[in-house]
Amino acid sequence: MKRNKTNEVKIVFDSKSENESLARYICAAFCASFNPTVEALADIKCTVSEAVTNCVVHAYKETAGKIYLTLKSYDDATVTVTVRDRGCGIEDISRAREPLFTTDAAGERSGMGFPIMESLSERFKVVSKIGAGTCVTMQFNLNKSAQL
């Protein structure tokens, strides 16, 4: 069965940590029409926070850049969230997806961002190219969550 896209929002913002909450609120407002459960909304907001934080902390490191957030909804109550940067890229995606792996030499990061995003979304995909950036795509079925 083919899904039909019902809505799409694209927003670009600076890679500043204070914009993490902006991204969460935008996602929550976008999903509101599906009347998601509190748990489903919390999962989406958490995954978006993790993805945006990765852009701020890892993609651009000591520099500034742009973060691209794309939200798409479909007629089957599926929502796709894409967070993309044009930062440094990830050298080894498989390793980066391992729990507790971090490139943070200071030891301030837990290395749980990707595992959290993967566990809270129905589908999770990471694509990255060194020097060109990273794109994280997560899918959520809000119709399914409302039936739980």
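Quick look at the structure, then. Nothing here was measured: the structure is a model prediction, and the numbers come from that model.

Another aspect to go through is the packing of aromatic side chains. With the rule as written, the count across this model stands at one aromatic pair. The aromatic ring of Tyr74 is capped on one face by Arg3, whose charged end is 3.8 Å from the ring centroid. The ring of Tyr68 is capped by Arg84, whose NZ or CZ atom sits 4.3 Å from the centre of that ring.

As summarised here, the arrangement of the five strands in space is β1-β2-β3-β5-β4, forming an open sheet in which the pairing is antiparallel. Each having just a single partner strand, β1 (5-14) and β4 (123-129) make up the two edges of the open sheet. Direction aside, the axes of adjacent strands within the sheet are offset by 10° on average. Along the sheet, helix α2 (residues 38-59) makes contact with β1, β2 (66-74), β3 (78-85) and β5 (133-141), crossing β3 at roughly 10°.

Our focus in this paragraph is the side chain of Ser49. For Ser49, the location among the structural elements is in helix α2. Residue classification places Ser49 among the buried positions, given a relative accessible area of 10%. A polar side-chain atom of Ser49 sits 3.2 Å from a polar atom in the side chain of Arg24. Ignoring sequence-local partners within four residues, the contact set of Ser49 consists of Glu20 and Arg24.

Below, the discussion takes up the pairing of β5. When β3 meets β5, the two strands line up antiparallel, connected through seven bridges. Within the sheet, the bridge partner assigned to Thr78 lies in β5 and is Asn141. The antiparallel pairing of β4 with β5 creates a hairpin that spans three residues between the two strands, and Gly131 there sits at a positive phi of about 80°.

Calculation criteria
- Residues numbered from 1 in each chain as written.
- Predicted model: local features only at pLDDT ≥ 70, side-chain atom pairs only at ≥ 80, totals over all residues.
- Heavy atoms only, no water.
- Phe/Tyr/Trp six-rings, centres within 6.5 Å; stacked < 30°, edge-to-face > 60°.
- Lys NZ or Arg CZ within 6 Å of the ring centre and 35° of its normal.
- Pairing = 2+ DSSP bridges.
- Helix = DSSP H or I, 4+ residues; strand = E, 2+ residues; numbered from the N terminus.
- Axes fitted to C-alpha atoms, helices over the stretch in contact; angles between N-to-C directions.
- Contact = heavy atoms within 4.5 Å.
- Buried < 20%, exposed > 50% of the residue type's maximum accessible area, 1.4 Å probe, protein only.
- Polar contact = N/O pair within 3.5 Å; in protein donor to acceptor, adjacent residues only side chain to side chain.

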